[in-house]
Amino acid sequence: MILAAGSHGFLSPTGVEIAFLLVGLVTLGAAVLTVTTRQLVHAALWLVVALGGLAVEYLLLTAEFIAWVQVLIYVGAVVVLILFGLMLTRAPIGRSPDADSGNRWAALTVAAASAVTLVWVVVDAFRTTWIDLDGPAAGSTAVTGASLFQNWVLPFEALSVLLLAALVGAIVLSRKAGATRAGEASPAGAPQAGTPQAGPSGKDGVR
């Protein structure tokens, strides 16, 4: 639970609380559009809006370190990696019927169950936790940085390796797709580039 600092309540929210609610609504809308659009590039761009909204929410919660990590890693690395993979694999830019598997109700059920489970776990874990808003910020750069690079170094480095592996995989897939298209473009028996062609007499045309 959160120890309220001040006399205002739910009927008299502060400017920060109103901004937090508005940014949350924009983030929720962008997240819904990310999973409902049939254009892959548009989905990636809406994902940028959703992740950027989360960064703003972290800033409003005075967790500036987590906010900039959100921008640098997720917006500046993950989304750019997705767009880079789309360009390398030459994925369709327009509307793609393959982007809709037809299992929307099953996906919605799984998403709702996951959300309820996550909320229940968080509420149960922090049921008796009190946050002193008048004390030092728990999400400040010094506190979060010390915890990250002392207790979470291995997962942090594993994430960087994961991003590198995804980038290498995108390059490998693009090279295989390019080789396949090149093989389909040249019919069987067609002379390859640089191969001398036979003249009318059956000899090479090069004199």
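These numbers were taken from a predicted model, which means no experiment stands behind them.

Colleague: Could you clarify how one ought to interpret the overall build of the protein chain in this entry?
Modeller: Counting secondary structure elements, the protein chain contains six helices and two strands. Each helix and strand of the protein chain, placed in order from N terminus to C terminus, yields the pattern β-α-α-α-α-β-α-α. Taken over 207 residues, the protein chain has a buried fraction of 14%. Counting contacts in the protein chain only where the partners sit at least 6 residues apart, residues at least 24 apart contribute 68% of the total.

Colleague: Help me understand a nonpolar patch on the surface, please; the structure alone is not making it clear to me.
Modeller: A contiguous nonpolar surface patch, about 390 Å² in accessible area, is contributed by Ile 18, Leu 21, Leu 22 and Leu 25. Here Leu 22 is to be found in helix α1 (residues 15–36).

Colleague: Which parts of the structure should I look at to understand the packing of α1 against helix α2 (residues 40–60)?
Modeller: A pair of packed helices can be characterised by two numbers: the angle between their axes and the separation between those axes. Axis separation between α1 and α2 bottoms out at 8 Å; the angle between their running directions is 160°. In terms of orientation, α1 and α2 fall into the roughly antiparallel class. The element α1 and its partner α2 pack so that their crossing is left-handed. Contacts between α1 and α2 involve Val 16, Ala 19, Phe 20, Val 23, Gly 24, Thr 27, Ala 30, Ala 31, Leu 33 and Thr 34 from the former and Ala 43, Trp 46, Leu 47, Val 49, Ala 50, Gly 53, Leu 54, Val 56, Glu 57 and Leu 60 from the latter. Tallied by class, the residues present in the contact of α1 with α2 amount to 15 nonpolar, four polar and one charged.

Colleague: So what exactly am I meant to see when it comes to the packing of α2 against helix α3 (residues 64–88) here?
Modeller: Running from N to C, α2 and α3 point in directions that differ by 175°, and their axes come no closer than 8 Å. Here α2 lies roughly antiparallel to α3, going by the angle between them. Facing α2, whose interface residues are Leu 40, Val 41, Ala 44, Leu 47, Val 48, Leu 51, Gly 52, Leu 54, Ala 55, Tyr 58 and Leu 59, α3 presents Glu 64, Ile 66, Ala 67, Gln 70, Val 71, Tyr 74, Val 75, Val 79, Ile 82, Leu 83 and Leu 86. Split into classes, the residues belonging to the contact of α2 with α3 amount to 19 nonpolar, two polar and one charged.

Colleague: What should I look at first to understand the environment of Leu 148 in this one?
Modeller: Within the secondary structure, Leu 148 is located in helix α5 (residues 141–151). Not counting residues within four places of it along the chain, the set of residues in contact with Leu 148 comprises Phe 65, Val 153 and Phe 156.

Colleague: Looking at this structure, how should I read α3?
Modeller: For an α-helix the count is 3.6 residues per turn, leaving residues at separations of three or four pointing the same way. The first and last C-alpha atoms of α3 sit 34 Å apart over 25 residues, in line with the 36 Å expected at 1.5 Å per residue. Residues of α3 that are buried include every one of Phe 65, Ala 67, Gln 70, Ile 73, Val 75, Val 79, Leu 81, Gly 85 and Leu 86, and no others.

Colleague: Honestly, the confidence of the model for the protein chain in this entry has me stumped. Any pointers?
Modeller: Predicted coordinates in regions of low pLDDT should not be interpreted in detail. Chain-level pLDDT for the protein chain is 75 on average; 68% of the residues reach the 70-or-more range. When the elements of the protein chain are averaged for pLDDT, strand β1 (residues 2–3) gives the smallest value, 44, and α1 the largest, 90. Here residues 1–6 is a poorly scored stretch, pLDDT under 50, and it has 13 contacts once near neighbours within four places are set aside; other chains count.

Colleague: What exactly am I supposed to notice about the side chain of Gln 70 here?
Modeller: The topology assignment puts Gln 70 in helix α3. Here Gln 70 falls in the buried class, since its relative accessible area comes to 7%.

Colleague: What exactly am I supposed to notice about the environment of Glu 64 here?
Modeller: Assignment of secondary structure puts Glu 64 in helix α3. Residue classification places Glu 64 among the partly exposed positions, given a relative accessible area of 28%. In the structure, Glu 64 is positioned 77 residues away from Thr 141 in sequence and 6.6 Å away in space, judged by C-alpha atoms.

Parameters and conventions
Residues numbered from 1 in each chain as written. Predicted model: local features only at pLDDT ≥ 70, side-chain atom pairs only at ≥ 80, totals over all residues. Heavy atoms only, no water. Helix = DSSP H or I, 4+ residues; strand = E, 2+ residues; numbered from the N terminus. Buried < 20%, exposed > 50% of the residue type's maximum accessible area, 1.4 Å probe, protein only. Contact = heavy atoms within 4.5 Å. Patch = residues over 30% accessible without salt bridge, like charges linked within 9 Å, V, L, I, M, F, W, Y side chains within 5 Å. Areas by Shrake-Rupley, 256 points an atom, 1.4 Å probe, with all protein chains shown as cover. Salt bridge = Lys/Arg side-chain N within 4 Å of Asp/Glu carboxyl O. Axes fitted to C-alpha atoms, helices over the stretch in contact; angles between N-to-C directions. Parallel < 35°, antiparallel > 145°, perpendicular 65-115°, else oblique. Left-handed = near helix turned anticlockwise from the far one by under 90°. Nonpolar A, V, L, I, M, F, W, Y, C, P; charged D, E, K, R; others polar. Expected span 1.5 Å × (residues − 1). pLDDT = per-residue confidence, 0-100.

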